Amino acid sequence: MHDHLTYDQLTRATIGDCTTQELQHLGECSVCSAEVVTMNESLLGFRDAVLNWTHSQTKSAPRLVLDAAPLTPRRTLRWSLAAAAVALVMTIPIYRNAAERQRLLQEAEDTRLLEQVDLQLSRVVPGPMESLVTLLPNEKSTNDGEPR
Ligand SMILES: [Zn+2]
């Protein structure tokens, strides 16, 4: 070991970016390895200081977030229930429209069926009464008294 590592090499070694030769030198030289350890400790101290400062700055501001955090499962449940209620309320008109449409279709079908029954009943007249039918006023019959 001739020369110690330069400041740049020591800095790169601190973040783990060093060559095999530099790594070998660090393993053999206590002065350089002690320097790297000191730089690491400085970096860790700086990191802790930054974290502490960040925590001290954010302590007062996000009170709402800290208050809201324990209630998260309950709030999630509440919001889920509210969303489900809204979805249910929104589907009621759709269901009602479908039911109303179905009812109207059924009514039309019933009316058509009743008209068919009425038509069949009005047509089926016993043979002896056929002549009497022609005397009844009927908008479907012609004026000359002939049944349709
Ligand atoms: Zn050295």
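Counting from 1, residues in each chain are numbered in the order their sequence is written. In keeping with the predicted nature of the model, local features appear solely for residues at pLDDT of at least 70, side-chain atom pairs appear and are counted solely at 80 or more, and the whole-chain, interface and lining totals rest on all residues.

Draft legend 1. A look at the overall build of the protein. Secondary structure follows DSSP: runs of H or I at least 4 residues long count as helices, runs of E at least 2 residues long count as strands, and numbering of each begins at the N terminus. Along its length, the protein carries six helices and zero strands. Traced from its N-terminal end to its C-terminal end, the protein shows the element sequence α-α-α-α-α-α. Three exposure classes are used. Buried residues have 20 or more other C-beta atoms within 10 Å of their own C-beta, exposed residues have 12 or fewer, and partly exposed residues fall in between, all C-beta atoms being placed from the backbone. The buried share among the 148 residues of the protein stands at 4%. Residues are treated as contacting if the C-beta atoms built from their backbones sit within 7 Å of each other. When contacts within the protein are restricted to residue pairs at least 6 apart in sequence, long-range pairs at least 24 apart make up 38% of them.

Draft legend 2. Expanded view of helix α3 (residues 30-58). Here the expected span of a helix is defined as 1.5 Å times the quantity of residues minus one. Over its 29 residues, α3 runs 42 Å from end to end, which matches the ideal 42 Å to within 8%, given 1.5 Å per residue. Within α3, only two of the 29 residues are buried, which leaves it mostly out in the open.

Draft legend 3. The arrangement of the nonpolar core in detail. Grouped together as the largest cluster of nonpolar side chains are five residues: L5, A13, L26, C32 and V36. The residues contacting L26, other than those within four sequence positions of it, are A13, C32, S33 and V36. In this usage, the nonpolar core is the set of buried Ala, Val, Leu, Ile, Met, Phe, Trp, Tyr and Cys residues whose C-beta atoms join them within 7 Å.

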